[in-house]
Amino acid sequence: MVAFCMNRVSSGVIIIFAALSSFSVGQNTCPKQKVLLHNVSPQYYLDKGERIEVWAKMIPEAWQDNRLIGGVSDPSLLLFNMTSVQASTAFKEVITRNVTAAITSKPNINQSRASHKSEFFIQAFSEDASCEALRVATNISIGCPPYRHIQPRRLTFLGCNELLSRSQVVNTSFEHENEYDVHKYGCPQQVKIDEPFVPEFDLYDKDQYVRAVTANMIMWEENGRSSYKYSLTMREAGCLKPAQSWKKMSNNFLLSLNESWTRENYQSCFEAGDATTRGDLDAQYQIVNSTGGSRLKWTSPGLYVFNVRVVDPEFSYCDLVTQFAVLVQEPPPGGFVIPTFLVLGCSCVSIFIILIAMYLTVEYCIECT
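A brief look at the structure comes next. Predicted model, so just to flag it, every value in this text is computed and none were measured.

1. Things to note about the packing of aromatic side chains
Then step 1. For the coordinates displayed, the defined rule picks out 16 aromatic pairs.
Then step 2. Centre to centre, the rings of Phe201 and Phe324 are 5.4 Å apart; their planes meet at 80 degrees, and the pair counts as edge-to-face. One end of the pair, Phe201, is in strand 13 (residues 201–205); the other, Phe324, is in strand 19 (residues 321–329), and 123 residues separate them in sequence. The pair formed by Phe201 and Phe324 is uniform in burial state, with each residue classed as buried.
Then step 3. Taken together, the ring pairs in this structure connect Phe197, Phe201, Tyr228, Tyr230, Trp298, Tyr304, Phe306 and Phe324 into an aromatic cluster.

Written out as structure tokens, the structure is:
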């Protein structure tokens, strides 16, 4: 009897372990995924203020797991946010999943690092790490994209020869001539001498438009012309402390103008300073912005060749510098101009006289009949 009970217990234990073994094998079975669709490119560049959006779609086998997960190889560089939507198919046992990922760089990245690269991936979820899950990955470089540059808005290369009899600027201060490369930088922009001027630029990757340049910029005339001024003072611009200026930034005679004022040493005047930064706020505010109020005012006509640089360090990792020209023209000689009020007054009187004449004509015709 005891032996029989022992045999019954042993059989029960064997059955229980067999069931557990079968359950464990079922858990370790890798999910069957049919296909992973996506629009992920092998390589991306991520500049400041930009984000990358990618999507992926999992189509699993019938009754299989459709979950997708994302990740990065270096969390100190990248942030990402994923949204997920499930969708039914013609086969009710197949449920697809779509995910969209928005990827941005972390703020205040250590610029001293030699490399700013990280991998971003989307892959099928599996509880067993040994399973080979469907996966797509891309390498993201954080920094200045290749071929990124700025160019003047509405840039044209047509009709330059008609606009300029010759593409040369005479530098009267140093009595030598410098050429403006029309074929490289395009036609000069035309303005009247009494028109305030602010340059407008756009950001491009090769010939592909990226976005408008709304950051702070500095300008310097290539040939030393100084017959222009800025329309705002530092106080009028809203500065809380004296702004940087060419007089201050070009004190180091060992550096050229191109090297003396850059995005690396730029400081905003809209941040309150200490007692040592007090100074004259009535000096010219020599920083321009397409969305700000500062403009250039001309004191003499001629061709001005400007270099321009984006100095706002939060706009881009790139050193965005280009050259453009402005042709400042005198207004055409005007003859006698009839005042507007006189033209309108004469028109009203003429209409009134015509109406009276028509009325008298009608009355006369009625009396005649």
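2. What about the environment of Val328?
Then step 1. Here Val328 lies in strand 19.
Then step 2. Of the residues examined, Val328 reaches a relative accessible area of 3% and is grouped as buried.
Then step 3. Sequence-wise, Val328 and Ile193 are 135 residues apart; in three dimensions their C-alpha atoms are separated by 5.6 Å.
Then step 4. Ignoring sequence-local partners within four residues, the contact set of Val328 consists of Val191, Lys192, Ile193, Trp298, Ser300, Pro301, Gly302 and Tyr304.

3. With respect to the pairing of strand 14 (residues 208–212)
Then step 1. Strand direction decides the pairing type here: strand 13 and strand 14, joined by 4 bridges, are antiparallel. If you follow Tyr204 over to strand 14, its bridge partner there is Tyr209.
Then step 2. The hairpin turn running from strand 13 into strand 14, its antiparallel successor, is 2 residues long, and Lys206 in that turn takes a positive phi close to 55 degrees.

4. Quick look at the sheet that holds strand 9 (residues 148–152)
Then step 1. The strand order 9-13-14 describes an open sheet built from 3 strands, whose pairing is antiparallel. Each edge of the open sheet carries a strand with a single partner, namely strand 9 and strand 14. In this sheet, neighbouring strand axes are inclined to one another by 35 degrees on average, regardless of whether the strands run parallel or antiparallel.
Then step 2. Strand direction decides the pairing type here: strand 9 and strand 13, joined by 5 bridges, are antiparallel. When the sheet's bridge partners are listed, His149 is paired in strand 13 with Tyr204.

5. Some words on the pattern of salt bridges
Then step 1. On inspection of all chains with the given rule, the structure shows 13 salt bridges.
Then step 2. Glu264 is the partner of Arg263 in a salt bridge, and the nearest nitrogen-oxygen pair spans 3.5 Å.
Then step 3. By relative accessible area, Arg263 is classed as buried at 13%.
Then step 4. Notably, a salt bridge pairs Asp319 with Arg309, separated by 2.9 Å at the nearest N-O pair. Note that Asp319 is positioned in the loop between strand 18 (302–310) and strand 19 and Arg309 in strand 18, a separation of 10 residues in sequence.
Then step 5. Connected through shared salt-bridge partners, Asp47, Glu50, Arg148, Asp205 and Arg211 make up one network.

6. Considering the state of the cysteines
Then step 1. For the structure shown, the criterion picks out 2 disulfides.
Then step 2. Sulfur-sulfur distance for the disulfide between Cys144 and Cys318 comes to 2.0 Å. Looking along the S-S bond of the Cys144-Cys318 disulfide, the torsion reads about 105 degrees, which is the right-handed sense. Placement of Cys144 in the loop between strand 8 (135–142) and strand 9 and of Cys318 in the loop between strand 18 and strand 19 is noted, with a sequence separation of 174 residues between them.
Then step 3. On the basis of relative accessibility, which here comes to 37%, the residue Cys144 falls in the partly exposed class.
Then step 4. Shown here is the disulfide that connects Cys239 with Cys269, its sulfur atoms set 2.1 Å apart. Taking the sign of the S-S torsion, -55 degrees for the link of Cys239 and Cys269, the bridge is left-handed. Of this pair, Cys239 sits in the loop between helix 4 (234–237) and helix 5 (246–249) while Cys269 sits in the loop between helix 6 (257–260) and strand 17 (296–298), and the two are 30 residues apart along the sequence. Comparing Cys239 with Cys269, the two get one shared label, buried.

Conventions adopted
Residues numbered from 1 in each chain as written. Predicted model: local features only at pLDDT ≥ 70, side-chain atom pairs only at ≥ 80, totals over all residues. Heavy atoms only, no water. Phe/Tyr/Trp six-rings, centres within 6.5 Å; stacked < 30°, edge-to-face > 60°. Helix = DSSP H or I, 4+ residues; strand = E, 2+ residues; numbered from the N terminus. Buried < 20%, exposed > 50% of the residue type's maximum accessible area, 1.4 Å probe, protein only. Contact = heavy atoms within 4.5 Å. Pairing = 2+ DSSP bridges. Axes fitted to C-alpha atoms, helices over the stretch in contact; angles between N-to-C directions. Salt bridge = Lys/Arg side-chain N within 4 Å of Asp/Glu carboxyl O. Disulfide = S-S within 2.5 Å.

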